Amino acid sequence: MTNQEYLNDLFGMKGQTAVVIGGAGALGLCLSTGLGKAGAKIVVADVREDACVEAVKKLESEGIEAIYALVNVTSKESLTELREKAAAWGGKVDILVNCAGINVGTPFLEVDADKWDAIMAVNLKGTMLSCQVFIESMLKTGGGSILNIGSVNSDRPLSRVFAYAASKAGVVNLTQNIAQEFATQGIRCNAICPGFFPAEQNRKILDAKRVENIMNGTPMRRYGDPSELIGAALLLLSRKAGSYITGSALYVDGGFTCSWF
Ligand SMILES: NC(=O)c1ccc[n+]([C@@H]2O[C@H](COP(=O)([O-])OP(=O)(O)OC[C@H]3O[C@@H](n4cnc5c(N)ncnc54)[C@H](O)[C@@H]3O)[C@@H](O)[C@H]2O)c1
């Protein structure tokens, strides 16, 4: 076995279909690229059609087989339609990545109840509904692997993002519960908890003071690059390398959650 064959066997995803929800976003598209380069066929699923079209173009330009499907994660009906479309195209869905997310930053006394509900609906309820819909089919097709996206504030509070933080703490808790519920049925469920990777949903809350705080709190003293999430995703999602890993929350954060002062 050559080195390449060994790595393909351990991490390769040839013959598998991955649905990446939020796949047109900064991290979702990067993870789609990583999974695609490891051999998976990709369904980019997102609410933004223009961004989906661009995402598929980019994946295809890298030699990755991909389609897009519009979805709103707050609707079980929409997720069920996505599942059917993905299965019709890919045969079955082996991998699910829940990468949709929204955020708003406000002081606590200004937290708006409707905005709270909207963030919870996408980040937490959306992850739950998506897991529910796809696990239903994975149980019938021989199993699968799920990757949810938490955050460093799944572990600890950050200022101004109260709903977001609560939703992401919930995502890790949900991930652990799903992992234990389906552990003997061929379904693994893990989370990546990224540190700070500037993207559309968080750029608007990154003022100068916040950036300074982030850099001071990040031992590596820099932002992450989305490509730095790919290795963690491949490990957690791959059938062989990740075969005994379920319910984990892997922090990819430049040391943020181990920082001290
Ligand atoms: N960028 C970071 O620093 C960072 C850090 C920790 C966690 N995260 C999480 O990573 C995930 C991806 O975030 P990102 O930074 O790539 O942001 P992004 O805004 O670039 O991507 C989020 C994607 O989710 C999609 N989306 C929003 N609402 C949706 C809905 N109702 N249904 C379907 N899709 C929907 C958006 O259209 C967008 O493409 C999010 O869950 C985010 O909370 C990001």
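Definitions and cut-offs
- Residues numbered from 1 in each chain as written.
- Predicted model: local features only at pLDDT ≥ 70, side-chain atom pairs only at ≥ 80, totals over all residues.
- Helix = DSSP H or I, 4+ residues; strand = E, 2+ residues; numbered from the N terminus.
- Rg over C-alpha atoms; globule rule 2.2 N^0.38 Å.
- Buried ≥ 20, exposed ≤ 12 C-beta atoms within 10 Å, placed from the backbone.
- Contact = placed C-beta atoms within 7 Å.
- Pairing = 2+ DSSP bridges.
- Axes fitted to C-alpha atoms, helices over the stretch in contact; angles between N-to-C directions.

What follows deals with the overall build of the protein. A count of helices and strands for the protein gives 9 helices and 7 strands. Relative to the compact-globule value of 18 Å for 261 residues, the protein shows a C-alpha radius of gyration of 18 Å, a close match. Along the three orthogonal principal directions, the C-alpha set of the protein runs to about 50 × 45 × 40 Å. For the protein, buried positions account for 46% of its 261 residues. Counting only contacts in the protein whose residues sit at least 6 apart along the sequence, the fraction spanning at least 24 positions is 74%.

So, on to the sheet that holds strand β4 (residues 95–98). An order of β3-β2-β1-β4-β5-β6-β7 is seen for the 7 strands of this open sheet, with the pairing classed as parallel. For this open sheet the edge positions go to β3 (66–70) and β7 (249–252), each flanked by a neighbour on one side alone. Each strand of the sheet is rotated relative to its neighbour by a mean of 20°, with strand direction disregarded. In this sheet, strand β6 (residues 187–194) lies alongside strand β5 (residues 144–149) in parallel orientation, the contact comprising 6 bridges. Looking across to β6, one finds that G144 is bridged to I187. Along the sheet face, helix α6 (residues 162–182) touches β5, β6 and β7 and points at about 160° away from the line of β6.

The next thing to look at is unusual backbone geometry. Positive phi is not limited to glycine here, since R160 has a value of about 75°. Along the chain, the position of R160 falls in the loop between β5 and α6. The class for R160 is partly exposed, based on 18 C-beta atoms found within 10 Å. Its identity as a non-glycine residue notwithstanding, R221 has a phi of 55°, on the positive side. With respect to the helices and strands, the residue R221 is situated in the loop between α8 (208–217) and α9 (230–237).

The next thing to look at is the environment of F108. Along the chain, the position of F108 falls in the loop between β4 and α5 (113–140). Overall, the presence of 8 C-beta atoms within 10 Å leaves F108 in the exposed class. Sequence separation between F108 and S159 is 51 residues; the distance between their C-alpha atoms is 8.8 Å.

What you see with β7 is a clean split: A249 and Y251 sit on the buried side and L250 and V252 on the side with no burial. Strand direction decides the pairing type here: β6 and β7, joined by 4 bridges, are parallel. Residue pairing in the sheet places C193 in a bridge with Y251 of β7.

Time to look at the pairing of strand β1 (residues 17–21). With 5 of 5 residues buried, β1 lies mostly within the body of the structure. Relative to β4, β1 is paired through 4 bridges, and the arrangement is parallel. Across the sheet, the residue bridging to V19 is L96, located in β4.

Function cannot be read off these values alone, since they describe shape.
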